[in-house]
Amino acid sequence: MRACLLDHPSPVEMRPLRYAEDAAVPEPADDELLVRVSACGICRTDLHVVEGELPARLTPVILGHQIVGRVEATGARPAGFDLGERVGVAWLHRTCGLCRFCRACRENLCESPHFTGWTVNGGFSEYATVPAAFAYPLPEGFSDLQAAPLLCAGIIGYRALRLTGLGEGGNGWAGVRLGIYGFGAAGHVCIQLARARGAEVYVSTRERQRHQALASELGATWTGGAGEEPPAKLDAAIIFAPAGELVPAALGALDRGGTLVLGGIHMSDVPSFPYRLIYGERSVRSVANNTREDGREFLAEAARVPVRTYVETFPLERANDALVALKHDAIRGAGVLVVDPVTAPTH
Ligand SMILES: [Zn+2]
Ligand SMILES: [Zn+2]
């Protein structure tokens with residue numbers, strides 16, 4: 001099969017993904033589906049794997065954890081999906097089901113998880129496998145290309161919104177002020193959920209032309225440069241950019257009692273900051289992965305709103321170019337690799 005493989009982590013400008021046409025088609029285990037991949041979204045996490053900020057766990061590895069495809073075959077056990085059915089595959093590939101986090105419905109914190117496109121092969125390839133219990137049926141109304149960014153950017157944005165605590169305690173979302181720092185794939189989905197719920201959204205991003213224009217188009221109350229102070233105190237904020245220096249800036253923009261959520265799997269070091277920035281019962285927390293429940297709830301809400309994803313497409317063999325563009329803020333909305341141009345036509 002055609003696939004892009006990473007042999008050694010290195011700066012993405014060195015084009016470390018190797019395109020091959022003779023990679024082996026994976027065999028589904030008893031509880032797995034074999035998925036014929038149509039499209040696969042790219043994510044900042046893919047960059048962290050390529051560049052070694054997440055240590056190599058499988059070599060070589062096929063990246064990609066926002067897979068849209070169709071069930072080609074199933075393992076020995078009945079899987080709950082029909083052959084040909086459209087499915088999505090996300091970052092959380094498999095959990096142990098036994099550890100104290102799994103047993104407490106907090107499987108995103110599992111002590112021995114597998115992750116798609118990092119510890120097991122992902123979707124920068126024609127075929128991928130997924131445990132049937134971790135595959136998502138996808139709502140109609142999204143083309144394959146539009147559905148791909150929902151599977152990580154979308155779900156993580158959804159979970160980040162939940163961790164802000166906004167809307168809890170019967171206060172509702174109407175008029176709450178949410179800050180979003182970094183406006184790539186996750187930000188552009190997150191703002192649509194927040195706006196639909198009734199929040200005012202303040203967007204801060206270093207890239208002005210594409211990102212701030214898209215934020216305005218999607219209903220941002222205000223847009224500004226990286227770390228620029230919004231004109232109103234925020235009830236909560238989410239940092240999607242992997243830049244630790246934004247933490248003090250975002251804390252400084254929070255109102256008393258506000259929560260700052262860090263949405264990335266990797267971030268540069270957070271500089272020290274004066275205690276007054278976090279005093280006043282402000283808090284900082286990270287998002288780690290997501291539960292399958294998050295994924296199902298998000299997909300239902302995305303279909304209801306409905307969320308519209310803005311995608312820039314690249315053919316599979318140009319995965320290196322796609323990741324370079326992502327690294328340099330050159331993608332408007334989300335980047336998606338077209339693996340099968342028949343099921344994922346770009347026009
Ligand atoms: Zn577990
Ligand atoms: Zn991701």
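Residues numbered from 1 in each chain as written. Chains lettered and ligands numbered in written order. Predicted model: local features only at pLDDT ≥ 70, side-chain atom pairs only at ≥ 80, totals over all residues. Heavy atoms only, no water.

A. Geometry of the packing of aromatic side chains. On inspection of all chains with the given rule, the structure shows 5 aromatic pairs. Centre to centre, the rings of Phe115 and Trp118 are 5.9 Å apart; their planes meet at 25°, and the pair counts as stacked. Relative accessible area serves as the criterion here: at 10%, Trp118 is assigned to the buried category. Aromatic side chains Tyr275 and Tyr279 sit 5.7 Å apart centroid to centroid with 50° between the ring planes, which places their arrangement in the tilted category. Clustering of aromatic rings is evident, with ring pairs tying together Trp91, Phe115 and Trp118. In this arrangement the basic side chain of Arg57 is found over the ring face of Trp118, its NZ or CZ atom lying 5.1 Å from the centre. Lying over the aromatic face of Tyr310, Arg308 brings its terminal NZ or CZ to 4.6 Å of the ring centre. (Phe/Tyr/Trp six-rings, centres within 6.5 Å; stacked < 30°, edge-to-face > 60°. Buried < 20%, exposed > 50% of the residue type's maximum accessible area, 1.4 Å probe, protein only. Lys NZ or Arg CZ within 6 Å of the ring centre and 35° of its normal.)

B. The arrangement of the environment of Arg159 in detail. Mapped onto the elements of the fold, Arg159 is located in helix α4 (residues 153-163). As a C-alpha pair, Arg159 and Arg70 span 89 residues in sequence and 26 Å in three-dimensional space. Dropping the residues within four chain positions of it, Arg159 is found in contact with Asn108, Val287, Ala288, Asn289, Asn290, Thr291 and Asp294. (Helix = DSSP H or I, 4+ residues; strand = E, 2+ residues; numbered from the N terminus. Contact = heavy atoms within 4.5 Å.)

C. Local environment of the sheet that holds strand β15 (residues 283-286). With parallel pairing, the 6 strands of this open sheet are ordered in space as β12-β11-β10-β13-β14-β15. In this open sheet, the two edge strands, each paired with only one partner strand, are β12 (222-224) and β15. Going from strand to strand, the sheet's axes swing by 15° on average, the running direction of each strand aside. Here strand β10 (residues 177-181) pairs with strand β13 (residues 234-239) via 4 bridges, running parallel. From the neighbouring strand, Ile180 faces β13, where its bridge partner is Ile238. On the sheet, helix α5 (residues 185-197) packs against β10, β11 (200-204) and β13 and is oriented at approximately 160° with respect to β11. (Pairing = 2+ DSSP bridges. Axes fitted to C-alpha atoms, helices over the stretch in contact; angles between N-to-C directions.)

D. Spotlight on the coordination of the zinc ion (ligand 1). The protein atoms that coordinate the zinc ion (ligand 1) are Cys96 (SG), Cys99 (SG), Cys102 (SG) and Cys110 (SG), at distances of 2.3 to 2.4 Å. Every donor counted, the 4 donor atoms about the zinc ion (ligand 1) form angles of 104 to 119° at the centre, which fits tetrahedral coordination. On the primary sequence, the residues serving as donors to the zinc ion (ligand 1) are separated as C-x2-C-x2-C-x7-C. With a gap of 14 residues between them, Cys96 in the loop between β6 (92-94) and α2 (100-103) and Cys110 in the loop between α2 and β7 (114-115) connect regions that are remote in the sequence. Cys96 gets classed as partly exposed once you look at its relative accessible area, which sits at 29%. (Donors = N, O, S within 2.8 Å, 3.2 Å for Na, K, Ca; no water. Tetrahedral: all angles 85-135°; square planar, octahedral: opposite > 155°, others 65-115°.)

E. Quick look at the coordination of the zinc ion (ligand 2). Looking at the zinc ion (ligand 2), one finds its protein donor set to be Cys43 (SG), His65 (NE2) and Cys152 (SG), positioned 2.0 to 2.2 Å from the metal centre. Classification of Cys152 as buried rests on a relative accessible area of 9%.

F. Examining the pattern of salt bridges more closely. A complete count under the given rule lists 21 salt bridges for this structure. Glu107 is paired through a salt bridge with Arg292; the nearest N and O atoms lie 2.7 Å apart. With Glu107 in the loop between α2 and β7 and Arg292 in helix α8 (residues 292-304), the pair connects residues that are 185 residues apart, well separated along the chain. For Glu107, a relative accessible area of 10% translates into the label buried. Across the salt bridge formed by Asp294 and Arg159, the nearest N and O atoms sit 2.7 Å from each other. Separated by 135 residues along the polypeptide, Asp294 in helix α8 and Arg159 in helix α4 bring together distant segments of the chain. The same class applies to Asp294 as to Arg159, namely buried. (Salt bridge = Lys/Arg side-chain N within 4 Å of Asp/Glu carboxyl O.)

G. Just the pairing of strand β1 (residues 3-6), in detail. The two faces of β1 match: Ala3 and Leu5 on one face and Cys4 and Leu6 on the other face are all buried. Here β1 pairs with strand β2 (residues 17-20) via 4 bridges, running antiparallel. What sits directly across from Ala3, in β2, is Ala20.

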